[in-house]
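# Results of the structural survey
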Amino acid sequence: MDDHILETAGLTKEFRGFAAVRDVNLRIRRGTIHALIGPNGAGKTTVFNLLTKFLIPTTGRITYNGDDITRTKPAEIARKGMVRSFQISAVFPHLTVRENVRIALQRPLVTSFHFWRSQRSLEVLHDRADELIEAVGLSEFTHIPAVEMPYGRKRALEIATTLALDPEMMLLDEPTAGMAHGDVDRIVQLIARIRTGRTILMVEHNLSVVEGLCDRITVLTRGRVLAEGDYATVSKNPEVIAAYLGTVDA
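Every chain begins its residue count from 1, and numbering advances along the sequence as written. Per-residue local features of the predicted model are confined to residues with pLDDT of at least 70, and side-chain atom pairs are confined, for both listing and counting, to 80 or more; whole-chain, interface and lining totals are unaffected and use all residues. Side-chain metrics in this entry use all non-hydrogen atoms of the structure; hydrogen atoms and water are not considered.

### A closer look at the side chain of arginine 98
Comment: elements are numbered from the N terminus, with helices defined as DSSP H or I runs of at least four residues and strands as E runs of at least two. With respect to the helices and strands, arginine 98 occurs in helix 3 (residues 97-106). Each residue is placed in one exposure class: buried if its accessible area under a 1.4 Å probe, protein chains only, is under 20% of its type's maximum, exposed if it is over 50%, and partly exposed if it falls in between. Arginine 98 gets classed as buried once you look at its relative accessible area, which sits at 17%. The contact criterion used is simple: two residues touch if any of their non-hydrogen atoms lie within 4.5 Å. Not counting residues within four places of it along the chain, the set of residues in contact with arginine 98 comprises His126, Ala129, Asp130, Ile133, Thr142 and His143.

Written out as structure tokens, the structure reads:
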């Protein structure tokens, strides 16, 4: 029997009568990298917001590890082991790389809001922070404020802070958006390294990235699922070609 970590049934989100997402059924197999792709406005980020509870579905059901999480709050979703990134880099710009990762590591120690504690009390986290920093290739930036790093390195830092939460499932929203070619290659290699023991669901516009990384792909258009399968299957689908290029002939 297939082991699916995340499933949706009839997932729909309407905004004043406009259906941004309609009747989306997803089945994400544990341990795979699964991509959501589609043209602009297809509903990909809306689906992400529904899955991580930044939006509440109008109708439909979401299950994670067999539990119904349709009405669960975002913080509880993260505690259950499903953590997401965003389209733009979400790090503390004036903190160093180590400090950014350390903040994420504080949660299990219940020291997240103990701002009055001395700096020395947090040193216990340094070894693990440095391990994560090395894992994403940022050791040379350990003591550099995030604001001083190139954009691609900030995205790597965001992945490090996500890994600090020890997620079972990661949702990456356009992890290579706005990057130069060299940074894209670096992030692709990073995602390939960190997939071991995890499930990854990602929104990605770069089809070369999708082809090289993803085990399965769901294509959305106008808020609906258009096609699903591996890259070889969906890339030859006439409806997918039409959705991206306007006509099958194109």
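### With respect to the side chain of threonine 8
Here threonine 8 shows up in strand 1 (residues 4-15). By relative accessible area, which is 6% here, threonine 8 ends up buried. In the analysis that follows, any N or O atom pair within 3.5 Å is treated as a polar contact, provided that within protein one partner can donate a hydrogen and the other can accept it, and provided that, for residues neighboring in sequence, both atoms belong to side chains. Separated by 2.9 Å, the side chain of threonine 8 and the backbone oxygen of valine 24 make a polar contact. In this structure the side chain of threonine 8 is engaged in a polar contact, spanning 2.9 Å, whose partner is the backbone nitrogen of leucine 26. If we ignore the near neighbours within four places in the chain, the residues touching threonine 8 are Val24, Asn25, Leu26, Leu51, Arg61 and Ile62.

### Overview of unusual backbone geometry
Non-glycine residue arginine 16 carries a positive phi angle of around 50°. Topologically, arginine 16 is positioned in the loop between strand 1 and strand 2 (18-24). The backbone of glutamate 174 shows a phi angle near 50°, a positive value even though the residue is not glycine. Within the secondary structure, glutamate 174 is located in the loop between strand 8 (169-173) and helix 6 (181-194).

### Description of the pattern of salt bridges
Salt bridges are identified by distance alone: a Lys or Arg side-chain nitrogen within 4 Å of an Asp or Glu carboxyl oxygen. For the coordinates displayed, the defined rule picks out twelve salt bridges. One salt bridge in this structure joins arginine 186 and aspartate 183, with 2.5 Å as the shortest N-O distance. Here the residue arginine 186 and the residue aspartate 183 both occupy positions in helix 6, the gap between them amounting to three residues, near one helical turn. Residue classification places arginine 186 among the partly exposed residues on the basis of a relative accessible area of 33%. Classification of aspartate 183 by relative accessible area gives buried; the value is 18%. Connected through salt bridges with shared partners, the residues Asp3, Arg30 and Glu168 form a single ionic network.

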